[in-house]
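Per-entry structural report
The residues making up each chain are set out below.
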Amino acid sequence: MKYYDKLIFELSKEGRTGYSLPANRFPAAPELPVALRREASLDLPEVSEVDVVRHYTNLSQMNFGVDTGFYPLGSCTMKYNPKVNEEVAALPGFTGLHPLMHAGLTKGALKVYQEMNKALAAITGMEAFTFDPCAGAHGELTGLMIMRQYHMMRGDLKRTKVIVPDSAHGTNPASAAVCGLEIVEVKSLENGRVDVEALKPLLDETVAGMMMTNPNTLGLFETQIKEITELVHGIGGLMYYDGANMNPLMGVVRPGDMGFDIMHLNLHKTFSTPHGGGGPGSGPVGVAAHLVDCLPDIRVSGFHGNFGVILRAYAYILMLGKQNLKKVGQYSVLSANYIKECLKDAYKLPIEGVCKHEFVFDGLINDGAHDDVHGATTLDVAKRLLDFGFHAPTIYFPLLFHQALMIEPTETESKETIDAFIDVMHKIAEEAAEDPRILQEAPHNAPIKRPDETAAARNPILKFKDAQ
Amino acid sequence: MSKIIEGLKYSESHEWVKVEGNVAVIGVTDYAQAEMGDITYVDMPDVDDEVTAGEEFGALESVKAASDLYSPVSGKVVAVNEELDDAPEKVNEDAFENWIIKVEMSDASELDALMDAAAYKAQIGE
Amino acid sequence: MAGFPYFPHTEADVQSMLDRIGVKKVEDLYADVPKEFVKKGAYALPDAMSEPEVRAWMNGLAGMNARLKVFVGAGAYDHYTPSVIPYITSRSEFLTAYTPYQCEISQGTLRYIFEYQSMVCELTGMDISNASLYDGPTAAAEAMKMAVACTKKKTRVLLSQGLLPHVIKVVETYAKFHGVEIGYVPVMDGQTCPNCLKAELAKGDVAGLIAPEINRYGIVEDHTGFADALHAAKALLVEYCDPSTLAVIKSPAEWGADIAVGDGQSLGIPLCFGGPYVGFMGVKKEYMRKMPGRIVGQTTDKDGKRAYVLTLQAREQHIKREKATSNICSNESLMALWVTVYLSLMGPEGLREVNRISCDGAHYLKDALMATGQFEDPFPGKPFLKEFVLKPKKFPGMMQKRLEEAGYFAALDTEEGYVSFCVTEQRTKEEIDGLVQIVKEG
């Protein structure tokens, strides 16, 4: 990837235009009253169409996507984004629909929602879904609103606590707080699973429910899930399933069957829609039958959620069908276990045994530290990977381990790609043992070297005019 | 080995207190700033805010972390160190010289619950 | 066994991987799952389709939707999308990237977000913008939470009843669960009532007001004195705006706003049945650290090269956890790129021209509709740009049906018994004349 150092504002030249609009054939409307008119300047760029296309093409070449190469980012499920999804989502019969058109005008769109509702219900064992949430965190918040709504509708107002495992995604506590709920953490056992004995004393009539992801953020299946759901249901609480880790269960296990009452899915993870550099996503929320009445009063986005994303996920489900669903889960688990087994001679594996779609190493076995030379950290391993044309895994999460390196390969990567990654990871481990500085100075051939993030935070330059 | 100054009071959450009459001058210890790394922002209360012993009154931020500050004493904030708004790195440079807030104490006996330099030194294991 | 295009595994690959792991079959990798939870029998899903079948099926569904000339706005506007935008936004390097965690190989994403932030600040006049939010209504809900967080211990937020209905509904939902009390400022004489605002402020405990620059009746509101009244009560002014119109009407900063929010859809994003769109937020510098969402900042790398990074992350959920103002982790990045490319192409003059054509067309339509004698003007003489409401003298059902049959989506019913119209630069004089002709015949 090459370095290109322009901002669109720096290409601007007074009098250039990049637009083409029809001639105005209407009589001039009365002018706005002076008090309502904009007086401030409007310094948007003035550039030609060619300038725009070249600039953004150059910017794109400083980026790495799934289509560029392997992207083993743990908990993010960076699977391949099929192109037919893009094609069907761009059909004018969909993109031209105004969101306030009534049902008689939007039969095709409504059928997409109905079919998606059926398909997601079949895949998860839930009764019904709302498609309003625009992201995973948004789905999580909506799910917690439903949880509160359920208790409120029953007049049970004292339930203000939500239990989350200490390995939970960072969004869980933030979503709970935004929803007016208080977080109580439950510890994990040495083997990475929720400590059921530690859970018991936390359960009383002030608990609204418990949030879990299964497999958890260590990629481990919560083997005592049945006992946990029974305990939580026993005190009148609801079980929330964080669908961020749904991929390994596709076609094999359904959250509804495990006793979960509410869940969200990330269509941009499990259902192959592109991440778009951080959105748009879609986080539909499913509920069990006894919670369907809680859905209507909860409106978390303007219209019908991210329809364009839902269309892509629908096309993916059509391609998979019932015949291929199971392979998603199975191959994602196969690839993760294979990488784990191949690399545990060079990276610390804190918890042995079968993982699901992802697993966590706790840094290098030999980080190369000696005398006054510092050892290579997980950050250094991640940065060195960039030099070899791989995206880095998720680092420093979960917080249970100091040097966490979380790898999720997904089912769309070939054995050849995975083997190439394994080779590079071994090479990096050898480099670290020999001279950790090679890692510490990485990346060596990315568009930029490591940036000064402290300076960025101390003296924020957040727009073009701040930089001038 | 971090710096500890004799004659100051210390809290378990790594704040120091210098008593000037009825006013407690509060900052964070050298140990705390070193643990935190490059400080990028000091979140401080406003003058006239009430603070309570043991409760948070602000936070230190670095690029990848935020650490709450807990007031060692109760009372009214009478001054905040505005220099830190533009230069949070001063806390890294000298944590004892660069105080964070001054509190007019409502109950000076709360000082008795704090540690002296020797006890704090033992706490941080130095 | 027939292959599947997204699974590269051959049988030999699977076998050699299983051998390396030391298990016999793939099912063994689920041995830790209690047997009762392993799904038995087939999933109730359709049979797998080939790509041509998927294409045909989806084309069929798209064909079941009406293709109408859109004369309705109400929060989603049929503005023109330059060809360059889908071309750029479908580039794989942008489309298939994750959130820019590894900044060294995400400079493309980070740079366009920085440009986006700069453009939001330019349009709104605010000091700081975040990297975008989900949509306009959720941006308003985030502003509601932010107003409470910025004005210690106040828990009441006022909403102008001139805000679009879907904005009010979303803010109410968030408020209910966040423990914020909502008060309402009514619309009098076509605009958010200043005296009612003062009366609400006098009751105390107000953290802020969310008011529309252009209200649900299409009227450009006069917010003279709003900021002073709110600031005197130590409350925040939040302006909800249509960013396209900010090229010609007073910016939120010019009204003295503390926070500006709205939906970026009007900047060339297709209607697409309501999403994906993009919410924006601009704030005064003093509220920077309470602002939700991602923020990109400029710095330098080790070699002194200009570089862009996610910054001020200590505000965010993954660090502050339950103390964060918001639970947002991502943004609506690709739609922020969409808007950035749009504004680059249009420039200041293009955006003004969009407003000129839309506004002239809307006035032309309104005058013609009034001339049919079938409507009353509920807000005579009030300034508007592309959108307006009329009161039909008789039940509008028949008229709406005939408009639909003739290929028009127009005269949308409002809660107040009006019908609303919108004209963008995409609507031609012929289309407008045709619409008026159908109304006349009714």
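Structure first, text after, so check above.
Residues numbered from 1 in each chain as written. Chains lettered and ligands numbered in written order. Predicted model: local features only at pLDDT ≥ 70, side-chain atom pairs only at ≥ 80, totals over all residues. Heavy atoms only, no water.

**Here we look at the overall build of chain B**
Regarding its fold elements, chain B presents four helices and nine strands. Beginning at the N terminus, the succession of helices and strands in chain B can be written as β-β-β-α-β-β-β-β-β-α-α-β-α. On C-alpha atoms alone, chain B measures out to a radius of gyration of 13 Å, which is about the 14 Å that the 2.2 N^0.38 rule sets for 126 residues. Expressed as lengths along the three principal axes of its C-alpha atoms, the size of chain B is roughly 35 × 35 × 20 Å. Residue burial in chain B is summarised as follows: out of 126 residues, 48% are buried. A separation threshold of at least 6 residues defines the contact pool for chain B, and within that pool the share at least 24 residues apart is 64%. Here chain B contributes 8 positive and 30 negative side-chain charges, whose respective centroids are spaced 6 Å apart. (Helix = DSSP H or I, 4+ residues; strand = E, 2+ residues; numbered from the N terminus. Rg over C-alpha atoms; globule rule 2.2 N^0.38 Å. Buried < 20%, exposed > 50% of the residue type's maximum accessible area, 1.4 Å probe, protein only. Contact = heavy atoms within 4.5 Å. Lys, Arg positive; Asp, Glu negative; His and termini not counted. Charge placed at Lys NZ, Arg CZ, Asp CG, Glu CD.)

**Some points on helix α4 (residues 107-124) of chain A**
Compared with the 26 Å implied by 1.5 Å per residue over 18 residues, the 26 Å span of α4(A) between its first and last C-alpha is a close match. Along α4(A), the positions that sit buried rather than exposed are Gly108(A), Ala109(A), Val112(A), Tyr113(A), Glu115(A), Met116(A), Ala119(A), Leu120(A), Ala121(A), Ala122(A), Ile123(A) and Thr124(A). (Expected span 1.5 Å × (residues − 1).)

**Observations concerning the packing of aromatic side chains**
Per the counting criterion, the structure on display carries 35 aromatic pairs over all chains. Where Tyr316(A) meets Tyr6(C), the ring centres are 6.3 Å apart and the plane angle is 15°; that geometry is what we call stacked. Linking Tyr316(A) in helix α9 (residues 307-343) with Tyr6(C) in the segment before α1 (11-21), this pair reaches from one chain into another. You'll find Tyr316(A) and Tyr6(C) in the same group, each marked buried. Summarising the aromatic geometry, the rings of Tyr347(A) and Phe361(A) are spaced 5.6 Å apart at their centres and angled 25° between planes, so their arrangement reads as stacked. Note that Tyr347(A) is positioned in the loop between α9 and β8 (359-362) and Phe361(A) in strand β8, a separation of 14 residues in sequence. Its relative accessible area of 0% is what places Tyr347(A) among the buried residues. In this structure Phe361(A) comes out as buried when scored by relative accessible area, which is 0%. Chaining the aromatic ring pairs together yields one cluster made of Tyr80(A), Phe271(A), Tyr316(A), Tyr331(A), Phe4(C), Tyr6(C) and Phe7(C). (Phe/Tyr/Trp six-rings, centres within 6.5 Å; stacked < 30°, edge-to-face > 60°.)

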